[in-house]
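Inside the fold
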Amino acid sequence: MQSLPALVYLDMQGNSFTCDCGNAWFLQWVITNKQTQVSDAYNFECNSPPNLKGRKLLEMNIRSCTVDVGFVCYISTACAVMVVMAVSFTHHFLQWHLVYAYYLLLAFLYNTKHKDKRAHPYDAFVSYNANDEHWVLGELLPKLEDEQGWRLCLHHRDFQPGKPIMENITDAIYGSRKTICVISHDYLASEWCSREIQVASFRLFDEQKDVLILVFLEDIPMQQLSPYHRMRRLLKRQTYLSWSRAVAHPDLFWEKLRQALETREDPAGEHLRLCVGDGIPGERPDQ
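What counts, and where the lines are drawn
Residues numbered from 1 in each chain as written. Predicted model: local features only at pLDDT ≥ 70, side-chain atom pairs only at ≥ 80, totals over all residues. Heavy atoms only, no water. Buried < 20%, exposed > 50% of the residue type's maximum accessible area, 1.4 Å probe, protein only. Helix = DSSP H or I, 4+ residues; strand = E, 2+ residues; numbered from the N terminus. Pairing = 2+ DSSP bridges. Salt bridge = Lys/Arg side-chain N within 4 Å of Asp/Glu carboxyl O.

**With respect to the pairing of strand β8 (residues 212-216)**
- For β8, the tally of buried residues reaches five of five residues, placing the bulk of the element in the interior.
- Neither face of β8 is exposed, since Leu-212, Leu-214 and Phe-216 on one face and Ile-213 and Val-215 on the opposite face are all buried.
- Both strand β7 (residues 176-183) and β8 contribute to a ladder of five bridges, which runs parallel. Counterpart to Ile-183 in the pairing with β8 is Phe-216.
- Pairing between β8 and strand β9 (residues 240-242): three bridges, direction parallel. Bridge pairing in β9 links Leu-214 to Tyr-240.

**So, the pattern of salt bridges**
- Using the criterion set out here, one finds nine salt bridges in the structure.
- Across the pair Glu-45 and Lys-56 runs a salt bridge whose closest N-O atoms are separated by 3.6 Å. Of this pair, Glu-45 sits in the loop between β3 (37-39) and β4 (46-48) while Lys-56 sits in the loop between β4 and α2 (69-93), and the two are eleven residues apart along the sequence.
- Looking at Glu-45, the relative accessible area reads 39%, which means it is partly exposed.
- In this structure, Asp-171 engages Lys-163 in a salt bridge whose closest nitrogen and oxygen atoms are separated by 2.2 Å.
- The class for Asp-171 is partly exposed, based on a relative accessible area of 25%.
- With relative accessibility at 25%, the residue Lys-163 sits in the partly exposed group.

What follows is the structure in structure tokens.
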């Protein structure tokens, strides 16, 4: 059309029009040009494609024809690459932060839902690694349940079959007055044990009650606890018992544990010094 600058009148009646993006330029020209009069343009009809046959040419939507497909593909590909990189980075560096935040949310929702229910079916939930089960069943359980009469909640015995594991853990922690964490190297390396102490520590910080008792089966140097910053914070402010230091005084160990289970949950209540020896397990007095 640019080669016909003097064109004043154009009659294209009776022609067969294809209503696709190939003729979008012509449709745009018919609508916007002010020099050439196109005779009876409003009655031009589409002959193809079949689904548009008989439709008026000027009714064709040409907005989709102005989209740069190449640019759209570029943007889509770039976004997909960025999403993959972000997901990979998050999975590699922030995986446990997200998992931790998720389970803190679950614990918060559980606490909000059950905040008016004060009854606790158990005196204590025992969080331990399967490799330490022989100590729990052979030492802890007979002393606390058989001799002292406490009602303990254990994974293998009291968890509800078929229920999601995290719901069982949350129910056990909030359904018990206290949580006893049996700490060992295997415990620190366990994913599920880590989640249990995370939920328990959330309850501790959220309710501001003395609900957590740490029992160290082994001497663990402070430098090995450095990656477990939450565990280290708990040691700085929370009572604990050291079984490895109680070999010579086992009766004192069990008496201190009994006192811890009897301690009031009110943070203003008496705060017992539970460790048989001084200092954090595995830490020298001069550290």
